Amino acid sequence: MVTLDSKVPDGPVAEKWDNHKFSIKLVNPSNKRKFDIIVVGTGLAGSSAAASLAELGYNVKVFTYHDSPRRAHSIAAQGGINAAKNYRNDGDSVHRLFYDTVKGGDYRSREANVHRLAQVSVDIIDQCVAQGVPFAREYGGLLANRSFGGAQVSRTFYARGQTGQQLLLGAYQALASQIATGKVTLYNHSDVLDIVTKDGEACGIVTRDMLTGEVHSHSAHAVVLATGGYSNVYYLSTNAMACNVTAAWRAHRKGALFANPCFSQIHPTCIPASDEFQSKLTLMSESLRNDGRIWVPRDRDETRSADQIPEDDRYYYLEEKYPSFGNLVPRDVASRNAKTVVDEGRGVGPLKNGVYLDFAAAIARDGAEAVKERYGNLFDMYERITGEDPYSTPMRIYPAIHYTMGGLWVDYNLMTTVPGLYAIGEANFSDHGANRLGASALMQGLADGYFVLPYTIGDHLAPKLGNTPVPTTDAVFTEAVQAVDDRTRQWTTKKGGTHGVEYYHRELGKIVWEYIGMARNEAGLQKALSEIPALREEFRKNVKVLGSPDGINSMLEKVNRVDDFMEFAELKARDALQREESCGGHFREESQTPEGEALRDDENFAYVSAWEWKGPDQPQELHKEPLEFENVKLTQRSYK
Amino acid sequence: MSKMLNLKLKIWRQDGPHSQGAFLEVDANDIPEDASFLEMLDVVNERLIDDDVEPITFGHDCREGICGSCGVMINGQAHGPEKATATCQLHMRKFNDGDEIVVEPWKAEAFPVLKDLMVDRRAFDRIIEAGGYISAPTGTPQDANATLIPKEVADTAMDAAACIGCGACVAACPNSAAQLFTSAKLAHLNVLPQGQSERWKRTENMVETMEDFFGSCTNHGECHDACPKEISLDFIAFMNRDYVKAKVKNRSLAAQ
Ligand SMILES: Cc1cc2nc3c(=O)[nH]c(=O)nc-3n(C[C@H](O)[C@H](O)[C@H](O)COP(=O)(O)OP(=O)(O)OC[C@H]3O[C@@H](n4cnc5c(N)ncnc54)[C@H](O)[C@@H]3O)c2cc1C
Ligand code: FES
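### Some thoughts on the overall build of chain A
Logical step 1: Looking only at helices and strands, chain A has 16 helices and 21 strands in total.
Logical step 2: Expected size for 640 residues packed as a compact globule is a radius of gyration near 26 Å; at 24 Å, chain A falls within 12% of this value.
Logical step 3: C-alpha atoms of chain A, sized along the principal axes, occupy 75 × 60 × 50 Å.
Logical step 4: Burial status across chain A gives 67% buried among its 640 residues.
Logical step 5: In chain A, the share of contacts with a sequence separation of at least 24, taken over all contacts with a separation of at least 6, comes to 74%.
Logical step 6: Accessible surface, chain A as shown: approximately 20900 Å² in total, 48% of it carbon and sulfur.
Logical step 7: With 71 positive and 83 negative side-chain charges, chain A shows a separation of 2 Å between the mean positions of the two kinds.

### Points about unusual backbone geometry
Logical step 1: With phi around 65 degrees, A:Tyr235 is a residue other than glycine that occupies positive phi space.
Logical step 2: When you line up the elements, A:Tyr235 lands in the loop between β9 (222-225) and α6 (246-253).
Logical step 3: Located in the positive-phi region is B:His79, a residue other than glycine, with phi close to 65 degrees.
Logical step 4: Checked against the element boundaries, B:His79 lands in the loop between β4 (77-78) and β5 (100-104).
Logical step 5: Judged by its relative accessible area of 1%, B:His79 falls in the buried class.

### A few points about the sheet that holds strand β2 (residues 21-32) of chain B
Residue and element names in this part refer to chain B.
Logical step 1: In space, the five strands of this open sheet follow the order β2-β1-β5-β3-β4, with mixed pairing throughout. What marks the edges here is a single partner per strand, and that holds for β2 and β4.
Logical step 2: Sheet analysis places strand β3 (residues 73-74) next to β5, joined by two bridges and oriented antiparallel. Bridge pairing in β5 links isoleucine 74 to valine 103.
Logical step 3: Packed on one face of the sheet, helix α1 (residues 37-50) meets β1 (4-14), β2, β3 and β5 and runs near 105 degrees to β2.

### Focus: the packing of helix α5 (residues 163-181) of chain A against helix α11 (residues 441-461) of chain A
Residues and elements named next belong to chain A.
Logical step 1: Direction vectors running N to C along α5 and α11 enclose 10 degrees, while the axes themselves pass 11 Å from each other. Judged on the interaxial angle alone, α11 and α5 are roughly parallel. Across from Thr163, Gly164, Leu167, Gly170 and Ala171 in α5, the residues of α11 making contact are Leu442, Leu446 and Tyr450.
Logical step 2: When its residues are assigned to classes, the contact of α5 with α11 shows five nonpolar, three polar and no charged.

### Thoughts on the layout of surface pockets
Logical step 1: The space that makes up the second largest pocket amounts to roughly 1200 Å³.
Logical step 2: Residue lining of the second largest pocket: 47 residues in total, with A:Arg160, A:Gln162, A:Glu373, A:Gly376 and A:Asn377 positioned closest to the centre.
Logical step 3: Contributing elements (two or more residues each) for the lining of the second largest pocket: α10 (368-386) of chain A together with α3 (151-161) of chain B.
Logical step 4: Top contributing element to the lining of the second largest pocket by residue count: α10(A), with 11 residues.
Logical step 5: Class assignment of the residues belonging to the lining of the second largest pocket gives a composition of 21 nonpolar, 10 polar and 16 charged.

### Examining the state of the cysteines
Residue and element names in this part refer to chain A.
Logical step 1: Per the stated rule, a full pass over the model turns up zero disulfides over all chains.
Logical step 2: This cysteine, cysteine 583, is not joined by any disulfide, and cysteine 262 carries the nearest cysteine sulfur, 8.2 Å off.
Logical step 3: Exposure remark for cysteine 583: the relative accessible area of 0% places this residue in the buried category.

### Observations concerning the interface of chain A and chain B
Logical step 1: With 75 residues of chain A at the contact, the number on the chain B side is 72 residues.
Logical step 2: Between chain A and chain B, roughly 6400 Å² of surface is buried when both sides are summed, and carbon and sulfur atoms account for 52% of that area.
Logical step 3: Across the contact surface, chain A and chain B share eight salt bridges.
Logical step 4: With nine residues, α5(A) is the largest single contributor of residues to the side of chain A that touches chain B.

### Side note on the site of ligand 1
Logical step 1: Looking at ligand 1, there are 36 residues lining it, with A:Thr42, A:Ser74, A:Gly79, A:Glu426 and A:Leu442 nearest.
Logical step 2: Neighbouring residues of ligand 1 are not confined to a single chain but are spread across chains A and B.
Logical step 3: Contact between ligand 1 and A:Ala226: an oxygen atom at 3.3 Å from a main-chain N or O atom of the residue.
Logical step 4: Here ligand 1, which alone exposes 1000 Å², has 98% of that area covered by the protein.

### Concerning the side chain of B:His91
Logical step 1: Within the fold, B:His91 resides in the loop between β4 and β5.
Logical step 2: Reaching out from B:His91, the side chain makes a polar contact with the backbone oxygen of A:Arg384 at a distance of 3.3 Å.

### Some details on the packing of aromatic side chains
Residues and elements named next belong to chain A.
Logical step 1: Tallied over the entire structure, the rule returns 34 aromatic pairs over all chains.
Logical step 2: Here the aromatic cluster, defined as three or more aromatic residues joined through ring pairs, consists of Tyr230, Trp249, Phe258, Phe568 and Trp613.
Logical step 3: In this structure, arginine 146 packs its charged tip against the face of tyrosine 158, placed 3.7 Å from the ring centre.
Logical step 4: Sitting over the face of the ring of tyrosine 403, arginine 436 holds its NZ or CZ atom 4.2 Å from the ring centroid.

Calculation notes
Residues numbered from 1 in each chain as written. Chains lettered and ligands numbered in written order. Predicted model: local features only at pLDDT ≥ 70, side-chain atom pairs only at ≥ 80, totals over all residues. Heavy atoms only, no water. Helix = DSSP H or I, 4+ residues; strand = E, 2+ residues; numbered from the N terminus. Rg over C-alpha atoms; globule rule 2.2 N^0.38 Å. Buried < 20%, exposed > 50% of the residue type's maximum accessible area, 1.4 Å probe, protein only. Contact = heavy atoms within 4.5 Å. Areas by Shrake-Rupley, 256 points an atom, 1.4 Å probe, with all protein chains shown as cover. Lys, Arg positive; Asp, Glu negative; His and termini not counted. Charge placed at Lys NZ, Arg CZ, Asp CG, Glu CD. Pairing = 2+ DSSP bridges. Axes fitted to C-alpha atoms, helices over the stretch in contact; angles between N-to-C directions. Parallel < 35°, antiparallel > 145°, perpendicular 65-115°, else oblique. Nonpolar A, V, L, I, M, F, W, Y, C, P; charged D, E, K, R; others polar. 1 Å grid on protein atoms, 1.4 Å probe; cavity = no way out; pocket = protein on both sides within 12 Å on 5 of 7 lines; lining within 4 Å. Points joined across faces, edges and corners; volume = space filled by probe spheres on them. Disulfide = S-S within 2.5 Å. Buried area = accessible area lost by both parts, 1.4 Å probe. Salt bridge = Lys/Arg side-chain N within 4 Å of Asp/Glu carboxyl O. Near = heavy atom within 4 Å. Polar contact = N/O pair within 3.5 Å; in protein donor to acceptor, adjacent residues only side chain to side chain. Phe/Tyr/Trp six-rings, centres within 6.5 Å; stacked < 30°, edge-to-face > 60°. Lys NZ or Arg CZ within 6 Å of the ring centre and 35° of its normal.

In short, geometric facts, not functional conclusions.
As structure tokens, then:
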């Protein structure tokens, strides 16, 4: 029987974290070296956690399927990272960042976690600057800031359009220094394919060496998953090609509850797809909305080029509908409105599948040089991909799947329902609710890795002093290794087969986008629930995997991941079906206001859906963690 | 619909580090000019799979020109013909219908071929581990604005830090030198006030580790031309100066 104990400390929200840090158990500095910790993932969350844990004295093994930790998907984040520094003197505070984040998440996140995030946000910037992260500066030498969608203060720190890259390099370099001291052992080219438990507790992992194909196991006192999000279930997304749900899904099958799987964020400013061979969608940073004006032609049959369309014939739909936020409305609102105008037939571009993001006014006001200084690399990227010059014609943008707010359920200590198994960064569910504000994922990954997990993990480890980790010769390990080896080899021993893995992934993505995308309804979700298992069956029978399991085999790497996406997608549909309310990026057509805005139902759905695995052919069981809002009053979000 | 191209490809195939490699000649017909170079390879791979031929292995992940995973020699040029562009950001509209394109892996002793077009670039990580960081253990550092960093200094640090570690500089260099990569990291950290206390130790250790793996620099400048981030050659000069100073300073610090 699973019980969801969130372990949220008592007391006023602003004091919870400090009180908690004082009351949880500590591991004495000289005893830390007696504990082994496995960290899976070297993105912002994993690298920062592994480096910080090693500095404390723990023995850390860190795993990634990349050749170098520096290539983790976090590297791609462009726009910036939030922190409640109030350097602009514009009324920001920890409380305001907390408030904006809870509201922005449409009241589906856990207040205590979000408050802690806002509190430590301040330390993150200090930590990164100390490491040498070259954040943008003013001429006087002070840090520069900008504002991001959903916020009315300038609290976003950035390093040109490469913020994620610089933050990750900072964390990777901290990790590299620990690798050099020997406190961290790095296992690159290692695909983690299972989580091992003994007597219900996490004790290790199973990996496949992607260069040799050998399957190995590793044991430790605790396992930390920092494996990122599941956006690639949609096939086309802004995520790196190798992002996947496998580690989280395998943990789910071992008893970790999966929370809010239907919550996916849709990013409003991506380059629209140009043809059927497209392999991924490219994000154009949301910061562009600070200076770009979004519009479509009023006339559906408009044929003139953008610069020939006079003001009166342009429909600046965000500015008209949401005068106080205008182009800076939160992502879900911006995305939904783009979909609406495109569905109405007002889309622009050869496939009529985009809206304009126009810099003409900014260029006229500030000059092309100033615009180039701010967004130059993004403009270059756009030009390379589309062959169009955004300085002279407006960009074309459309929403795309970008980030996942669901993930493994964790308590306040970031521990899953499997004792000893932690989930941090995008892999957990806790801080963003149904929607994520811009510049808050980087903040969460680093908060978890630098400032939360290193404290909370001690609470689990302290009582284990003197215990050696379960040896990898134990039956739980040998059986897990065998199971992974069998599962992996079965794909290549199959004869015949109709299509490669890519084909099935693309087919799955179409179903998920169509029925669990920006707008959902009951009939569509039922359809997804019948089509996904059928596709999964066909995939398992007919997928064609060539080559050998011994050595590098990119198809084989992918087939296990798509297999897990196939099971995950079904849970995602089931979760979306039971949530009969509109919330964040999850728009249930049955639940809308008379003006067509998302309508939340707090009476019935102010909870986290946490699903328990019941076996391969059984539907998962739903558990609910009720959400209480003591500090941020539940109100309908309005950006008018 | 975008225009379609018909191309002839010669792609390097090699089973492993110790196997013999050979070119595979394939026709790549009906490739949309809006496709990226890697999407073109995806299409070729799907067709190979249909014919029961193992697909070509190549490194890639973000497909946004930022992770540094991709990179092949295209007609002898690292990342292909377009300036300041990683392979994943190169689009087929830069080619003409009927072109023959030769695709090979990075060539450098320090980057052994793992399979087909994929090489092992872990030597770069060894250089970073030798000192490519500022020791600032997680804790409670001073307020970020307590250190003033003039905009020009922050901009220079950022120019250097923009390196994506793809290895094109090494692949393009006739001597397979890694000066551009190493100097970029050194310049990023050595120009910042936070980087000063470890500056000389960092410089000496990184340069010497680099020399253990890579060839020597004879100032050809090919690295800069191949670099998708246009990392400046000035950083190499900066590194050389810092290295000479480091040799002197480290000796006097050690009171020799
Ligand atoms: C294009 C883009 C722009 C973005 N811009 C912003 C922004 O401006 N601001 C912001 O706040 N957020 C932004 N985000 C979101 C943010 O980048 C991510 O949410 C965040 O970086 C996730 O970090 P992470 O450490 O949790 O996971 P990741 O960085 O995804 O790292 C996952 C790690 O886990 C490893 N891994 C996963 N599975 C396995 C396995 N089975 N075996 C071995 N290793 C495994 C991977 O190798 C990788 O090292 C952006 C995202 C994208 C895609
Ligand atoms: S795939 Fe990431 S840089 Fe090309």
